[in-house]
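Structural overview
Residues per chain are reported as follows:
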Amino acid sequence: MLMTFPHAGNYQIPRALFIAAWKVWFKRFDDHYAWREGKMPLQNLAMPLHQLLVEKQRFSVEVACRLMVPWSYRDCRQVSDEMLKMNPAVLRLVPYTCGDTGDTLEGARLTDQALDYWDSLTHLEQDVYLNFAEARIQADIETPCDAPVILDDAGVELIGEDIYPPYVPTADSSDDEFIRALVAWVDEDPFQPMYQRKPVGDAVSGWHDRLLAFFWPKPRTGYLEYSHIVSPVLYRAGVLAESVETDYQWNYQERELAVKVANEVFLVAGVPQREVTWQNVREAVKAALTADVNSKAKMNSGWTYLACLATAHLEGKEGRLPMVCWNSRSASSIISRLDFLLVEAGVEELGDRFAHIGLVPGWGGTRPREYSLKWQGGYRSWHTQVAASQLVQKICHFLNTEKNDNGELKYKPMPTAGGKHCPWTTRGVQLVLFSDGY
């Protein structure tokens, strides 16, 4: 039950994922209720993804297919006679009439076989695949070129306009003091959860309540539901990591399992990857476990999530470093706030401050953000990955140890999905940063 994309190295996805994406596309860009019988124009134009979006072709089979395949193929035309012939159980050609001009274009609709297959799935299975399809839109949309890919509206957010930081360190203060100020600022700054640049629910404040307000990739998949979805891959990523750490050599079945786990991690995050071989998975996990800043292992907005899950079991172990998922949202949250604090303190140049903390490109929500200081790029950099993880560990330290004037802990402990509390972890902090950097 797979769908094959011949122009993406025969990359395959579950058929249910494409049907779910079809439904999501109608919900987001056309008539929500017409997805079963609805038609979509092919618009199989040989132009980069960002150009298709500039030409207002979001609602097209071509754009939907581009977001199904790994980033390295997204500037290549995916819809062709060959592709349609390889997937006759999913799509069939039909004429499509443009509502505004009346012109007739080549289009497609789901086959009756595809609809029957979708109906045969349980509601739970359908909801999981709808989440995976939605994640393709909400995640960082990477392509081979540097041009911005704006699927939904994006705009500049000016950090510091609403709530001024509780305190600003002096210009000669240590980096740690600025991190402490950042932690206090996030705690006091009211946070309005957003989805498609629109408010979701009530505004909250405090690290504790911000985490409880987390959702991915849509509001109905909140902190509890997300934790449930991630739990199986989190466990299996940890098992892989432990086998790498002991230098255990995988047999054939274990190599296949490693590839499967990595692909499922990328599926949850909405960032499909190419070259997901057992060798590349092992190298990435090894680099994450050893915090190897010079590693040549793969690193981008997908592999950083694998690094995060594979090292979650290191939390609380002395001398070990759990990895943060350093994507455009996490980077935007941290760097925009540090940038404001540093400038307010009178810092005019970064110099040696926050070495290797680097930007990750991303468009959507309130990204990209404006910065006053010149921050280096950190995309695909293990140096940045490690430095960012070290910074987040310091955030955890302040959240877990800072006390108020009465000698009590200043910040509430981290809420767990099960309704209990625990010390703050890298993953808990990262989820707050992820929402803050939308």
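The paragraphs below set out a description of the structure included in this document.

1. Describing the overall build of the protein
Assigned secondary structure in the protein consists of 15 helices and nine strands. A globule of 438 residues ought to have a C-alpha radius of gyration of about 22 Å, and the protein, at 22 Å, matches this closely. C-alpha extents for the protein along the principal axes are approximately 70 × 55 × 40 Å. When burial is assessed residue by residue, the protein has 54% of its 438 residues classed as buried. If you take every contact in the protein between residues at least 6 apart in sequence, the share linking residues at least 24 apart comes to 66%. Measuring between centres, the 44 positive side-chain charges of the protein sit 5 Å from its 56 negative side-chain charges.

2. Some details on helix α6 (residues 123–138)
The end-to-end C-alpha distance of α6 is 22 Å, a good match for the 22 Å that 16 residues give at a rise of 1.5 Å each. For α6, the complete set of buried residues consists of Q126, L130, N131, F132, A133, E134, A135, R136, I137 and Q138.

3. Observations regarding the packing of aromatic side chains
Applying the stated criterion across every chain yields a total of 16 aromatic pairs. Their ring planes at 50 degrees and their centres at 6.4 Å tell us that F18 and W22 sit as a pair that is tilted. Of the two residues, F18 and W22 both sit in helix α1 (residues 15–29), four residues apart, roughly one turn of that helix. No difference in accessibility class separates F18 from W22, as the two residues are buried. Centre to centre, the rings of W216 and F434 are 5.3 Å apart; their planes meet at 85 degrees, and the pair counts as edge-to-face. With W216 in the loop between α8 (207–212) and α9 (223–245) and F434 in helix α15 (residues 426–436), this residue pair connects regions lying 218 residues apart in the sequence.

4. Side note on the sheet that holds strand β4 (residues 91–97)
Strand order in this open sheet of three strands is β3-β5-β4, and the pairing throughout is antiparallel. Of all the strands in the sheet, just β3 (40–41) and β4 have a single pairing partner and so form its edges. Here β4 runs beside strand β5 (residues 104–110); their pairing, made up of seven bridges, is antiparallel. In the sheet register, L91 faces β5, and the bridge partner there is L110. Where α1 meets the sheet, it contacts β3, β4 and β5, and its direction lies at approximately 125 degrees from that of β5.

5. Examining helix α12 (residues 303–310)
Most of α12 sits inside the fold, with eight of its eight residues counted as buried. Taken together, the buried positions of α12 are occupied by W303, T304, Y305, L306, A307, C308, L309 and A310. Where α12 is buried, its residues meet α9, α10 (252–269), α11 (278–290), α14 (382–401) and α15.

6. Things to note about empty space enclosed by the protein
Rolled over the atoms, a probe with the dimensions of a water molecule shows which regions are left empty. Evaluation of the coordinates by the stated rule reveals four cavities of 30 Å³ or more. Every residue lining the largest cavity is counted, 17 residues in all, and those nearest its centre are W216, A269, C325, N327 and F434. If you list the elements that add at least two residues to the lining of the largest cavity, you get α10 and α15. Per element, the largest residue contribution to the lining of the largest cavity is three residues, and it comes from α15. If you add up the space inside the second largest cavity, you get close to 120 Å³. Lining the second largest cavity are 14 residues, with M194, F215, R329, S435 and Y438 positioned closest to its centre. Counting residues per element, the ones that place at least two in the lining of the second largest cavity are β6 (194–195) and α15. Tallied by class, the residues present in the lining of the second largest cavity amount to eleven nonpolar, two polar and one charged.

Rules used throughout
- Residues numbered from 1 in each chain as written.
- Predicted model: local features only at pLDDT ≥ 70, side-chain atom pairs only at ≥ 80, totals over all residues.
- Heavy atoms only, no water.
- Helix = DSSP H or I, 4+ residues; strand = E, 2+ residues; numbered from the N terminus.
- Rg over C-alpha atoms; globule rule 2.2 N^0.38 Å.
- Buried < 20%, exposed > 50% of the residue type's maximum accessible area, 1.4 Å probe, protein only.
- Contact = heavy atoms within 4.5 Å.
- Lys, Arg positive; Asp, Glu negative; His and termini not counted.
- Charge placed at Lys NZ, Arg CZ, Asp CG, Glu CD.
- Expected span 1.5 Å × (residues − 1).
- Phe/Tyr/Trp six-rings, centres within 6.5 Å; stacked < 30°, edge-to-face > 60°.
- Pairing = 2+ DSSP bridges.
- Axes fitted to C-alpha atoms, helices over the stretch in contact; angles between N-to-C directions.
- 1 Å grid on protein atoms, 1.4 Å probe; cavity = no way out; pocket = protein on both sides within 12 Å on 5 of 7 lines; lining within 4 Å.
- Points joined across faces, edges and corners; volume = space filled by probe spheres on them.
- Nonpolar A, V, L, I, M, F, W, Y, C, P; charged D, E, K, R; others polar.

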